[in-house]
Amino acid sequence: MPSPYVRRRRLAAEIRELRESRGLTTDALARLVFHSRTKITRLENAQIRPDLAEIMNILDALDITGSQYDRLLKLAREAAQKGWWDRYGMSMGPRQKLAADLEYNASTVRSYDQTAMPGALQCRPFIEALIKLDENQGSLEYQPERMTEAREHRQRELLRADGPFYETVLDECLIHRLAVPPEAMSAQLRYMIKLGSEVDRITIRVLLHDARIPGGFLPKSSFYLYTFAESGDPPMAIVDTVTTDLVVTQRGEVVRYTERYDRLREAALSAEDSISFLDRVANRLADQTGSVT
């Protein structure tokens, strides 16, 4: 199954282009198909899952026929599909659902993780520690066990035989600054060591806190880069903020994030040295808690 979200972006762009090519405003198209302007706007911004009957009405109103009609209707069907993540409802939340959607059909996933461990690479003790941190900020809007199950499901999908190549540049600062118990952080680091050592498609690099990053400004937040196998699905970047994820699809902007990622990757430790570094930190944390390594 292709990524429904990526297909929604493609469908939205094509509907908007067809409307504009016919000299129609969103108001005018809305009147033709008896919808509100708000609904057309949300469709053209990929903010809603398309309804096939409504898409057919829009294509008819725009005089789309033949192979173009068939292609756009197929695109709409793919955009309307639900993925495994939809079964979890609010327990996943919109940000994790978007990540799961994009990971599902991606060829590559690359991330710069400045403030959080990669969601798809977390172990259960670490997730439980994160839930306790979240409880400190107020009442939870999800069921902890269901959220944990969803995150573990997301990891199984990432690790399936045809899953994407996944590389993360992990900022050292988050290892020391994230206020989870030492045993939880130690367990997480060991889990990432295991994945990075045993799964060829997963690469973990550590960016040391004193690493110099030449060539330009520093990134202002964590971000994620996705590429897809089908040529019609362009690369995209997702930028992490406190309250939401920003979706970046403009080619020039995605290129800028890609260039920034390449500079971070170059400044980070090699994959082998990163595993050794994580092992040393995990041992030190285990010693703090009197654990046996």
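It should be emphasised that the depicted structure is a prediction, and the values quoted were computed from it without experimental measurement.

1. Remarks on the nonpolar core
The nonpolar side chains of a soluble globular protein tend to be buried, and buried together.
Part 1 of the argument: Counting 39 residues, the largest nonpolar core has Leu102, Met117, Ile175, Leu189 and Tyr226 as the members making the most contacts within it.
Part 2 of the argument: The residues touching leucine 102, leaving out its near neighbours within four places in the chain, are Ser3, Tyr5, Val6, Tyr226, Phe228, Met236 and Ile238.

2. Focus on the packing of helix H1 (residues 4-21) against helix H5 (residues 66-80)
Part 1 of the argument: In the contact formed by H1 and H5, the axes pass within 8 Å of each other and the chain directions differ by 140°. As summarised for this structure, H1 and H5 are arranged oblique, according to the angle between their axes. Crossing hand, H1 versus H5: left-handed. Here Pro4, Arg7, Arg8, Arg10, Leu11, Glu14 and Leu18 of H1 lie close against H5, whose contacting residues are Gln68, Arg71, Leu72, Leu75, Ala76, Glu78 and Ala79.

3. Points about the pairing of strand S1 (residues 106-113)
Regular strands place side chains that alternate from one sheet face to the opposite one.
Part 1 of the argument: Burial analysis of S1 places six of its eight residues in the buried class, which makes it a mostly covered element.
Part 2 of the argument: As paired strands, S1 and strand S4 (residues 223-228) are joined by six bridges and run antiparallel to one another. Bridging from a neighbouring strand, threonine 108 pairs with threonine 227 of S4.
Part 3 of the argument: Judged from the six bridges that link them, S1 and strand S2 (residues 165-171) form a sheet pairing that is parallel. When the sheet's bridge partners are listed, valine 109 is paired in S2 with tyrosine 166.

4. Description of unusual backbone geometry
Part 1 of the argument: The phi dihedral of phenylalanine 34 falls on the positive side, at around 60°, and the residue is not glycine.
Part 2 of the argument: For phenylalanine 34, a relative accessible area of 74% translates into the label exposed.
Part 3 of the argument: In this model, aspartate 63 sits at a positive phi of 60°, which is unusual for a non-glycine residue.
Part 4 of the argument: By the element assignment, aspartate 63 lies in the loop between helix H4 (52-61) and H5.

5. Notes on the pattern of salt bridges
Part 1 of the argument: Applying the stated criterion across every chain yields a total of 24 salt bridges.
Part 2 of the argument: The salt bridge partner of glutamate 167 is arginine 205, with a shortest N-O separation of 3.2 Å. Of the two residues, glutamate 167 sits in strand S2 while arginine 205 sits in strand S3 (residues 202-207), which places them 38 residues apart along the sequence. Each member of the pair, glutamate 167 together with arginine 205, is buried.
Part 3 of the argument: Among the charged side chains, a network of salt bridges with common partners joins Arg7, Arg10, Lys74, Glu78, Glu230 and Asp233.

6. Some remarks on the environment of isoleucine 238
Part 1 of the argument: With respect to the helices and strands, isoleucine 238 occurs in strand S5 (residues 236-240).
Part 2 of the argument: Since its relative accessible area comes to 3%, isoleucine 238 is described here as buried.
Part 3 of the argument: Considered as a pair, isoleucine 238 and leucine 98 are 140 residues apart in the sequence and their alpha carbons are 9.5 Å apart.
Part 4 of the argument: The contacts of isoleucine 238, once residues within four sequence positions are left out, are Leu98, Leu102, Ser222, Phe223, Tyr224, Tyr226, Asp245, Leu246 and Val247.

7. Considering the confidence of the model for the chain
Predicted coordinates in areas of low pLDDT are best not read in detail.
Part 1 of the argument: Here the chain shows a mean pLDDT of 94. Residues at 70 or above account for 99%.
Part 2 of the argument: Between the elements of the chain, mean pLDDT differs from a low of 93, seen in helix H6 (residues 93-105), to a high of 98, seen in S3.

About the cut-offs
Residues numbered from 1 in each chain as written. Predicted model: local features only at pLDDT ≥ 70, side-chain atom pairs only at ≥ 80, totals over all residues. Heavy atoms only, no water. Core = buried A, V, L, I, M, F, W, Y, C linked by side-chain atoms within 4.5 Å. Buried < 20%, exposed > 50% of the residue type's maximum accessible area, 1.4 Å probe, protein only. Contact = heavy atoms within 4.5 Å. Axes fitted to C-alpha atoms, helices over the stretch in contact; angles between N-to-C directions. Helix = DSSP H or I, 4+ residues; strand = E, 2+ residues; numbered from the N terminus. Parallel < 35°, antiparallel > 145°, perpendicular 65-115°, else oblique. Left-handed = near helix turned anticlockwise from the far one by under 90°. Pairing = 2+ DSSP bridges. Salt bridge = Lys/Arg side-chain N within 4 Å of Asp/Glu carboxyl O. pLDDT = per-residue confidence, 0-100.

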